[in-house]
Structure formats: C-alpha cells, structure tokens
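Analysis of the macromolecular model
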Amino acid sequence: MASSCSQALRHHACKSSRILRIHLQKSWPNRGFALNSAADNQPAVSSLEEIVIPKKKTWSKEAVLQALVSTVNRDPTASDYRFQDDPYLTPKTSLDFKLFSLSQESGRNTAKYFINKYPNYFQKDYAQPHIPCLMPETLEARIEDLSEAALTERIELRKVRAAVDLYDQLLQAGTSVSLDVTNDLLDLICFYGDRDPAQENVPEQRSEETEDVQEEPQPRKGRAPKASDLLKATWKENNNAERIFALLSEPNTRSYSALIRGMVKYGAYSRAFSTYTDLLNNRLTADVNIFNALITAAPEVQEKYNEKWELIVDLLKQMAEQKVKPNLLTFNAVLKALRRCGALGKSQAFPVISEMKALSIEPSLASYNHVLSIFYKTGAPIQGQKDILQEVMYEVSGKSFTPQDPDDAQFFITAMRICLDTKDIEQAYRVHELLRVGENWRLMGNDLKQNIYYTRFFSLLCLMENVDVVLKWYRDLIPSVYYPTSNIMTDLLRALDTDSRLDLIPQIWKDIKLLGHANRQKLVEELLALMAREKHSQEVQESFADCALDIKRMYNTGDRGKVMMSWTAGSLSDVISVLLAAQRRQDAWDTLKLFKTHNRVPSAELLNQFLTCVKESGDVDQAVELVQISAGFCLPETPELIQRIQQEFELSEQHKSILSDLEIRTFNSE
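Residues numbered from 1 in each chain as written. Predicted model: local features only at pLDDT ≥ 70, side-chain atom pairs only at ≥ 80, totals over all residues. Heavy atoms only, no water.

A few words on the overall build of the protein chain. Across its full length, the protein chain holds 33 helices and zero strands. A burial count over the protein chain gives 40% of its 670 residues as buried. For the protein chain, restricting intrachain contacts to residue pairs at least 6 apart in sequence, the fraction spanning at least 24 positions comes to 66%. As displayed, the protein chain has an accessible area near 39,200 Å², and 51% of this comes from carbon and sulfur atoms. (Helix = DSSP H or I, 4+ residues; strand = E, 2+ residues; numbered from the N terminus. Buried < 20%, exposed > 50% of the residue type's maximum accessible area, 1.4 Å probe, protein only. Contact = heavy atoms within 4.5 Å. Areas by Shrake-Rupley, 256 points an atom, 1.4 Å probe, with all protein chains shown as cover.)

As structure tokens, this is what we get:
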C-alpha cells in the first residue's frame, strides 16, 4: 500500500513538471530554460525512492488567534470586550462601567476563593488542552516536617510569617539553613515589608504591627502628606529581615541586596546607605540592583539640588570602580531622580539618554516619561519648551514597546497632558498614533489612566479642531472606549457653539442622558443657555422645545424618582425662552408658574418677552394675569408692563379696573 502511494505521488510530480515546462516554452519561445531535469527524462514509474518531506514551521499556540485578530478592526459601536459575554450588563455610563467591571472582578475572585479553599471538589479537568490557571492553586503547605524543603515550600507560597517561624524553629533545632534559602527568605520578607501579602480574595486587615512605625519617611517639602503616605507600610527597625540578616555568619552580596532594596522600598533611606557602607567595609562588591535602589533613594537623603546630583554621580562612579554594568532600570532611576533636581535636571537629562545609547541600552517609555516630566512640570508655565516634546516623539514614533519598567504606564498620560497644556494638536495625534503601534496600548495602564488619557485627548480636540473632526472622534471613541465626564460634554457643547452647530444639541442631549449626566446641573444649565441665546429656524426651534421639555421632566422627577437638580431663575427663564421661540405658549405658561412654586423671581426681560408673544395671539386675559404675576413678585418693572398693556391691547372695563388696582397697589408699595 505504501509503495503504490509513493509511485502515484512521483508520477504526479513528473507529470506536473512536464506540463509546466511546455507552458513556459510556449510563453517565452526566445528564452532558454534548463528544465531538462531527471524527472523529465525518467519514466513515469521509477524505482522506489524515499520522499523527504520538508520540516514545517513551528508556530506558537496563539498564532492562529493572532492572525485572526490582525484581520479585525475595533468596532466603535461595540462595548468593551469584558462585557460582550453578557449584553444585559453592557455599561452605558462611566458609573456603570466601574460598577460592572468591579462586580465582574469580584465574582471572579469569589470563584477563585472557593476553588482554592476547597480544591478537592474541583479536580476534574475539562479543558483540552490543559489550562493551569483554571485549576486550583496550591495555597497550603504540604510538607509538615521540620526541614529546609518545608521552608522552601513556604517561601514559594509567599507565607511570610510561617516561613519566618519555621526558620527560627530550624535554628533552635540545630539545623543549618543554606545561604541560598536564607537569601530567598530575605527577598520574601523585604519585598512584602515583613508581613503576609494581602490575598486577592480576602480584604486586607491592618494590624497594630503595621501601624507601629519606627522610622517614617520624611514628606517632601512643598506638599501636604497624602492619605496614601499615611497608610503606606514602613520599615521597622530590628524587624525580622534585619534580625535574620544579623544571624548570617558570612552574608554575601545578594543578602545585602535584599536588605537594601527592602529599606528603600519602605522608606528607610538613611539605613539603606548605612547598610551599603557595611557592605563595602566587608570588602564585598554591590550588584546593579543595589545601585538602582540607592540612586532611587538619593533625592530623599539630600535637600539641595546639587547635593542630590553629586550623590548620584558618586554612586555611578562607584559602579564603574566595582565594574558593575548599569542596566535600563539604572538610567531610569537616574532620570527619575533628576525630576527632583530642579533646573539641574534639565541640563543633565539628555546627556543621560546619550549615555544610554552609547552603552547600547534602548530607552523605554519610562525613560522618555521622566524626560518629559523634567521639562514639563505640572502647573508650571511653559516657556519655549515645545521642541522637547517634538524631539521625544521623533524618537519613539513608529516603535513598538514592551513593558520593562513600572513607570512605562505613565508615558501616554504625561505626553497627552503636555499636548493639552501646550495646545499642540499635531503632537497629540502623534501620541495617539504611537498608541496604535503594535501592542503599545497595553502600556496605557489601568482603567483610571486610560480615562485620564482620553479625557485630555478629547478636551484638546474640542479646543483645537472643528466640530466635524470632533464629532468623528466622538463617534469613534464614545462609548466603546471612553465614557466622558460632564466636563467633557460641556467642552463638546462649547465646540458646537464655536462652529455654530447648535442644531446638534438635541442629539447631544440624548447622549448626555445615555451617559448618565442628565442630573449634572451645571451641564444642563449650559445646554439650556445655548438653546435660549439666539433664534434659529422653526425646525431647529421645535427640536429645542422638545429638548427643553425633556429637561423640565428631568428637573421634576430626577433619577430613580429622586429630585437631583433644583430650578434656578436662569434655568427657568431659558426653558421659557426656548418654548416661546417655538410658539409653545401654553408650555411656557405652565413653566412660568414654577417661579412661584420654587421661590424664584423672573426677570423683567423675560416678562416683556412673554408679553410680546401674548400680544401676537391677542390674549388679553393672559396679559393681565402676567401683570398680576409681576405684581405678586413686587417687581419694579410692573408699572411699565401695565402701561404697555394699556397701550397695546384693547381692554374691557373689567381689565381696566384690574390694572388700575394693580397700579395703585404698586404705587403704595413703593
């Protein structure tokens, strides 16, 4: 069977080769082809030969999915991918997005909790191929005896207190622990600040030990301490890390590295430098991680800008003397420290970048973020520094970055902040284009950072672009990617006003309701003022009137039956003006009565406008009632309204009598 298949394949290959040669000779008769292969000269059925199949390319497990993703663009009408499995929970507002995403994450954590708490009930593996993250995690120690293996297991499970207790038991039992395992334990203690890490599914509980602060980090000058500074865990003197380190007979560089990095992470900057001095006294050389931590701590132990920089330069010289090669995080630590060196940082930022390139170290997004932060301080005036942003964007444009530094996620919001401060729409487009390159979108950070980025981007669009471009971005980003705030919707309304496209206000009002901002009084009053400011075509005025009545219902009922907004004299006047412009006199009259209901006073201009509309219909009774309303509010313009009615309307004796009484009453009140 195998031999017959082999002969058939060879016969087919020979036949195809002859057909191809004949076709080429007919197509190019003047050209010669050396196609007289052995296959052309051999018979159809030759002796048996082994067919060598070429090696196929090995693809990753996600190759097919990646290929499919590259063929599909983002759907601007679809919700975020996290909510597409359940259309009922598709968010329509920023509040819904936050609530649904947190609820979904809470449900996922709850499921993980039960799976990990009772793993014996979830041993059946239905996934093909096997997906390890869907199976129960090993959270409890299985080795119960007193051994180094048990200590290693607790270190891998990140059981800080259990590992420390077991280490002490081993020493008390006379069992020696290897230096590598002890260093692993030091790494664990220093990373988590000598306390057990907060579990994903269990709320973190603060103990008295975390509040017992022996050495607090000094707050920066010029700013009040934040709540996060007060709640942040700090390094305690003589904690378990220092105690275990002191028990080591011959600590090595890794031992010092764990201790110093922990001290810097939890604010014990002076102790970190003292520990580094002990390392040098013991004739050991530091590693790159130690120097990175000390450079980070340098601005905290010195006050003057030049002293901070001199300490950093001294550390870099010691790196060279100890033949420690710097890495990306080293230079990023230098740049981050320069952000706190004032004008000195501006003179040293680009030489640091040049030194990185000289050492063939490609800067990351965090490197450029620090450079931008050095030259563009938040809230500081910008004086001829726009070219810095252009140079940075020239360096990063078209490049795809990967996460290498925790501060990589700060680049896009920093760059967009600078674009907004400098009103540079061209660079904003370049920043947004960089976001679309490769998988750079992964470096935007969490949902909060994404919201900040798009808020700044859309604010700049409303300021600098015409309304057609703004609406194009509006339809592309909202609400599939971004849920705008009420301030952004106000910026959009002002953009419509700038380009004289107020006819789109009713459509924007529908979006405002959909996005959950219909109870924002400042936004609603801005919208009413724009509709009432000037007259438009009758069709536009009719749509404005419908919008005004819809807003009136929102004032009366609010959201979920609760009154969320309170009427002001200005908002009532604007609604009445819009209704009068659309010849909705009865609706305007009903709204006018709300002044008395809500203890608001109408303006004389509004009453004159209303009287003009009443005059067109010739309704004397309503005109007289309008004067009575004015007199009820004791407006000083009441006599003028009475005189105008007497001149412009045909009054009956009853009407004249009413007006005379009002005139006498007004005169007596004065």
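As recorded in UniProt, the feature "repeat: PPR" (unreviewed entry) lies at residues 327-363. Structurally, residues 327-363 comprises 73% helix and 0% strand, and the distance from its first C-alpha atom to its last is 10 Å. (UniProt positions renumbered as here; feature names shortened; annotations may be inferred.)

Turning next to helix H14 (residues 305-321). Taking 1.5 Å of rise per residue, the 17 residues of H14 would be expected to cover 24 Å, and the 25 Å separating its terminal C-alpha atoms lies within 8% of that figure. Looking at H14, one finds that the buried residues are Lys308, Trp309, Leu311, Ile312, Leu315, Gln318 and Met319. Residue Lys323 follows H14 closely and has a positive phi angle near 60 degrees. (Expected span 1.5 Å × (residues − 1).)

Moving on to the confidence of the model for the protein chain. On average, the protein chain scores 82 in pLDDT, and the residues at 70 or more come to 85%. Confidence drops under pLDDT 50 across residues 1-9; counting only partners more than four residues distant or on other chains, this segment forms six contacts. Residue range residues 19-46 is modelled with pLDDT below 50. Its contacts to residues more than four positions away, or to other chains, number 17 contacts. (pLDDT = per-residue confidence, 0-100.)

Time to look at the pattern of salt bridges. Evaluated as defined, the whole model comprises 23 salt bridges. Residue Asp184 is joined to Arg254 by a salt bridge in which the shortest nitrogen-to-oxygen separation is 2.2 Å. Placement of Asp184 in helix H7 (residues 179-191) and of Arg254 in helix H11 (residues 253-265) is noted, with a sequence separation of 70 residues between them. In this structure, a network of salt bridges that share partners links the residues Asp184, Asp187 and Arg254. (Salt bridge = Lys/Arg side-chain N within 4 Å of Asp/Glu carboxyl O.)

Before going further, it helps to examine unusual backbone geometry. Keep in mind that most residues, glycine aside, have a negative phi and that most peptide bonds are trans. A cis amide bond links Ile478 with the next residue in sequence, Pro479, at an omega value of -5 degrees. With respect to the element layout, Pro479 can be found in the loop between helix H22 (467-477) and helix H23 (486-498). Phi angles above zero are rare outside glycine, and Arg283 is one such case at about 60 degrees. Structurally, Arg283 can be placed in the loop between helix H12 (269-281) and helix H13 (288-301). By relative accessible area, Arg283 is classed as exposed at 80%. With a phi close to 60 degrees, Lys323 is a non-glycine residue in the positive phi region. If you trace the backbone, Lys323 turns up in the loop between H14 and helix H15 (328-338).

Looking now at the packing of H11 against H12. Close contact between H11 and H12 brings their axes to 8 Å; oriented N to C, the two are set at 165 degrees. By the angle between their directions, the pair H11 and H12 is classed as roughly antiparallel. Taken as a pair, H11 and H12 cross one another with a handedness that is left-handed. Residues Tyr256, Leu259, Ile260, Met263 and Val264 of H11 touch H12, and the partners they reach there are Tyr269, Arg271, Ala272, Thr275, Tyr276, Asp278 and Leu279. A per-class count over the contact of H11 with H12 returns nine nonpolar, one polar and two charged. (Axes fitted to C-alpha atoms, helices over the stretch in contact; angles between N-to-C directions. Parallel < 35°, antiparallel > 145°, perpendicular 65-115°, else oblique. Left-handed = near helix turned anticlockwise from the far one by under 90°. Nonpolar A, V, L, I, M, F, W, Y, C, P; charged D, E, K, R; others polar.)

The next point concerns helix H4 (residues 94-117). Between its first and last C-alpha, H4 extends 34 Å over 24 residues, near the 34 Å set by a 1.5 Å rise per residue. Buried within H4 are the following residues: Phe97, Phe100, Ser101, Asn109 and Asn116. On its buried face, H4 sits against helix H21 (447-464).

Now for the packing of helix H5 (residues 148-156) against helix H6 (residues 160-172). With their axes 9 Å apart at the nearest point, H5 and H6 run at an angle of 165 degrees to one another. For the element pair H5 / H6, the angle class is roughly antiparallel. Relative to H6, the crossing made by H5 is left-handed. Note on element contacts: H6 touches H5 through Ala162, Ala163, Leu166, Tyr167 and Leu170, opposite Glu148, Ala150, Leu151, Arg154 and Ile155.

Turning to a nonpolar patch on the surface, a few remarks are in order. A surface patch of nonpolar side chains, amounting to about 530 Å² of accessible area, comprises Tyr113, Phe114, Tyr118, Tyr121 and Phe122. With respect to the helices, strands and loops of the structure, Phe114 is situated in helix H4. On the basis of relative accessibility, which here comes to 41%, the residue Phe114 falls in the partly exposed class. (Patch = residues over 30% accessible without salt bridge, like charges linked within 9 Å, V, L, I, M, F, W, Y side chains within 5 Å.)

This next bit is on the environment of Pro363. Checked against the element boundaries, Pro363 lands in the loop between helix H16 (343-358) and helix H17 (365-375). Judged by its relative accessible area of 0%, Pro363 is buried. Taking C-alpha positions, Pro363 is 9.4 Å from Val396, a pair spaced 33 residues apart along the chain. Once residues within four sequence positions are removed from consideration, Pro363 is found in contact with Leu328, Ile353, Met356, Lys357, Tyr368 and Phe401.

Before going further, it helps to spend a moment on the environment of Asp407. Positionally, Asp407 belongs in the loop between helix H18 (386-396) and helix H19 (411-422). Here Asp407 falls in the buried class, since its relative accessible area comes to 16%. Spatially, the C-alpha atoms of Asp407 and Ser367 are 8.4 Å apart, while their sequence positions differ by 40 residues. Those residues in contact with Asp407, other than ones at most four positions away along the chain, are Lys336, Ala366, Asn369 and His370.

Let us now look at the side chain of Ser101. Mapped onto the elements, Ser101 comes out in helix H4. Classification of Ser101 by relative accessible area gives buried; the value is 12%. Of note is the side chain of Ser101, whose polar atom sits 3.1 Å from the backbone oxygen of Lys98. (Polar contact = N/O pair within 3.5 Å; in protein donor to acceptor, adjacent residues only side chain to side chain.)

On to the nonpolar core, then. Ranked by internal contacts, the top residues of the largest apolar core, which has 173 residues, are Phe411 and Phe412. Beyond its immediate stretch of four places on either side in the chain, Phe411 contacts Leu365, Tyr368, Asn369, Leu372, Val392, Met393, Val396 and Leu434. (Core = buried A, V, L, I, M, F, W, Y, C linked by side-chain atoms within 4.5 Å.)

With that out of the way, let us pick up the packing of aromatic side chains. Working definition: an aromatic ring pair is given by the centre-to-centre distance plus the angle between the planes. In this structure the tally under the stated criterion is 19 aromatic pairs. What links up through ring pairs into an aromatic cluster is the set Phe411, Phe412, Tyr429, Tyr453, Tyr454, Phe457, Trp473 and Tyr482. Seen from the ring of Phe191, Lys265 lies directly overhead, with NZ or CZ sitting 3.7 Å from the centre. Sitting above the plane of the Trp473 ring, Lys472 keeps its charged end 4.9 Å from the centroid. (Phe/Tyr/Trp six-rings, centres within 6.5 Å; stacked < 30°, edge-to-face > 60°. Lys NZ or Arg CZ within 6 Å of the ring centre and 35° of its normal.)

For the rest of this paragraph, the subject is the side chain of Glu242. Along the polypeptide, Glu242 turns up in helix H10 (residues 240-247). Among the polar contacts listed, one links the side chain of Glu242 to the backbone nitrogen of Asn238, at a separation of 3.0 Å. Aside from chain neighbours lying at most four places away, what touches Glu242 is Trp235, Lys236, Glu237, Leu259, Met263 and Arg271.

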